[in-house]
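# Geometric and topological summary
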Amino acid sequence: FCPGHEAETPPEVLSLRDGGAPNQPGWRLRVVPNKFPALVSGAAPAGSAEGFYRRRNGFGDHEVIIEDPDHDATLADLPVARVSELLEAIRNRFLALAADPRIRYACFFKNHGRAAGATLEHPHSQLLALPVEPKLVTEEIAGARRYYRRSGRCFFCELVERERGGSRLVASSGGAVVLAPYAARAPYETWIVPRRHRSHFESAGDAELEGVAAALRTTLRRLDRVLRRPAYNLVLHTAPLRRPALPHYHWHLELIPRLTKLAGFEWGAGLFMNPVPPEEAARRLRDGALEIGGNCI
């Protein structure tokens, strides 16, 4: 992934550059097909049956976002403008992938650190485009729809209002709110929720993404200070591609430091044991805040 090794990846599908030709040094960010993809775009989506089992082939797209030329950089190290560029690049790839009617959901995630599943140290994240809507997504949207029908309000919009100034608030800015969720599954789990209601990440404007980028960078820097640079998983939750705008759902980022492991109880019961209450985690992250500028507090 380092500059000078561009020939060792598949040809880039997107890049942000200060100079140089495509697939040459001079880039700030590159998006390339995964050299060892979990999904293959050349295959036609197809299903089959074996008795009462049902399966589909591995159709889709698997891309890698190389976030910075510096091998030792982390997302927390980058300036807000560069984090914002990353979000804009992901948005551009969402829009490009949505042009294929066979793709129904785009899943962006970042595994940072070996404990979180990262196998390469160079700063990068991944994007998988799927021919199905994941069960977790459909269940989350269905739950949000039920809440909307009962209350007439988006759950996430109300969450931002209720947690404002509360014990689970980590940071707040004009563009997004960072909070420790009430039923956090893991120690120091945090959610970054944009203030503006949108169900689809790819519909967010540049100014909105800049606000989320500032909140994300703030959160990562605080986690680094309080937890000494932990491994973590960062996941984007968004509505499926090409669905109409949903009044009951709200895109957001979920950030989970990998301080504990799933064991027998979690696998057997589907429940989570969290030794750090979210109120305590939020307090420690607030107290461990860095002076980083901007309007995050």
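Residues numbered from 1 in each chain as written. Predicted model: local features only at pLDDT ≥ 70, side-chain atom pairs only at ≥ 80, totals over all residues. Heavy atoms only, no water.

Check the secondary structure of the protein and you find six helices and twelve strands. Taken against the 2.2 N^0.38 rule, which gives 19 Å for 297 residues, the C-alpha radius of gyration of the protein at 19 Å falls within 12% of a compact globule. Dimensions along the principal axes, computed over C-alpha positions, put the protein at roughly 50 × 50 × 40 Å. Among the 297 residues that make up the protein, the fraction classed as buried is 49%. (Helix = DSSP H or I, 4+ residues; strand = E, 2+ residues; numbered from the N terminus. Rg over C-alpha atoms; globule rule 2.2 N^0.38 Å. Buried < 20%, exposed > 50% of the residue type's maximum accessible area, 1.4 Å probe, protein only.)

Next up on the list: the nonpolar core. Within the largest apolar cluster, 50 residues are counted, with the highest numbers of intra-cluster contacts made by L75, F94, I192, L216, W251 and L253. Ranked by the residues each element gives to this core, the list is headed by helix α4 (residues 206–227), at eight residues. Discounting chain neighbours no more than four positions away, the residues touching F94 are A106, F108, L127, F201, E202, L236, T238 and L241. Core analysis: the next-biggest nonpolar cluster, separate from the first, contains 20 residues, C154, F156, L169 and L179 among them. (Core = buried A, V, L, I, M, F, W, Y, C linked by side-chain atoms within 4.5 Å. Contact = heavy atoms within 4.5 Å.)

A complete count under the given rule lists one cavity of 30 Å³ or more for this structure. Taken as a whole, the largest cavity spans an internal volume of roughly 40 Å³. For the largest cavity, the full set of lining residues is T74, L75, A76, H112, L220, D224, R229 and Y232. Broken down by class, the residue content of the lining of the largest cavity amounts to four nonpolar, two polar and two charged. (1 Å grid on protein atoms, 1.4 Å probe; cavity = no way out; pocket = protein on both sides within 12 Å on 5 of 7 lines; lining within 4 Å. Points joined across faces, edges and corners; volume = space filled by probe spheres on them. Nonpolar A, V, L, I, M, F, W, Y, C, P; charged D, E, K, R; others polar.)

Applying the stated rule across the entire model yields 27 salt bridges. Across the pair R168 and E279 runs a salt bridge whose closest N-O atoms are separated by 2.7 Å. Taken as a pair, R168 in the loop between α3 (155–163) and β8 (169–172) and E279 in helix α6 (residues 278–287) lie far apart in primary sequence, 111 residues in all. With its nearest N and O atoms 3.8 Å apart, the salt bridge here joins R229 to D224. We classify R229 as partly exposed; its relative accessible area is 49%. (Salt bridge = Lys/Arg side-chain N within 4 Å of Asp/Glu carboxyl O.)

Quick look at the sheet that holds strand β9 (residues 176–179) now. Spatially, ten strands are ordered β1-β2-β5-β7-β6-β11-β12-β10-β9-β8 in an open sheet, and the strand pairing comes out antiparallel. The open sheet has two free edges, formed respectively by β1 (14–17) and β8, since each of these has just one partner strand. Strand-to-strand, the axes of this sheet are offset by a mean angle of 15°, without reference to chain direction. Two elements, strand β6 (residues 105–112) and strand β7 (residues 124–130), share five bridges in a ladder whose sense is antiparallel. Bridge pairing links Y105 to L130 in β7. Strand contacts of α6: β8 and β10 (190–194), with the helix running at about 40° to β8, the strand carrying the most contacts. (Pairing = 2+ DSSP bridges. Axes fitted to C-alpha atoms, helices over the stretch in contact; angles between N-to-C directions.)

Here we take up the pairing of strand β3 (residues 47–50). Here β3 pairs with strand β4 (residues 53–56) via four bridges, running antiparallel. The residue of β4 that forms the bridge with G47 is R56.

Attention now moves to a nonpolar patch on the surface. Together, L262, W267 and F272 line one region of the surface with nonpolar side chains, adding up to about 400 Å² of accessible area. Along the chain, W267 turns up in helix α5 (residues 264–269). By relative accessible area, W267 is classed as exposed at 68%. (Patch = residues over 30% accessible without salt bridge, like charges linked within 9 Å, V, L, I, M, F, W, Y side chains within 5 Å. Areas by Shrake-Rupley, 256 points an atom, 1.4 Å probe, with all protein chains shown as cover.)

The next subject is the environment of G175. Among the structural elements, G175 can be located in the loop between β8 and β9. G175 gets classed as partly exposed once you look at its relative accessible area, which sits at 23%. In this view, G175 contacts P194, R195 and G211; residues no more than four positions away in its chain are not counted.

By volume, the largest pocket is sized at about 680 Å³. Those elements that provide at least two residues to the lining of the largest pocket are β6, α2 (135–151), β11 (232–237) and β12 (252–257). Here the element with the most residues in the lining of the largest pocket is β11; it accounts for four residues. As for the second largest pocket, its lining consists of 18 residues, of which E140, F155, F156, W191 and E254 are closest to the centre. In terms of residue count, the dominant contributor to the lining of the second largest pocket is α2 (four residues). For the lining of the second largest pocket, the per-class residue count stands at eleven nonpolar, two polar and five charged.

The next thing to look at is the side chain of E133. By secondary structure assignment, the location of E133 is in the loop between β7 and α2. A polar atom in the side chain of E133 sits 2.8 Å from the side chain of R243. With residues up to four places along the chain from it excluded, the contact list for E133 reads R104, Y105, T138, P240 and R243. (Polar contact = N/O pair within 3.5 Å; in protein donor to acceptor, adjacent residues only side chain to side chain.)

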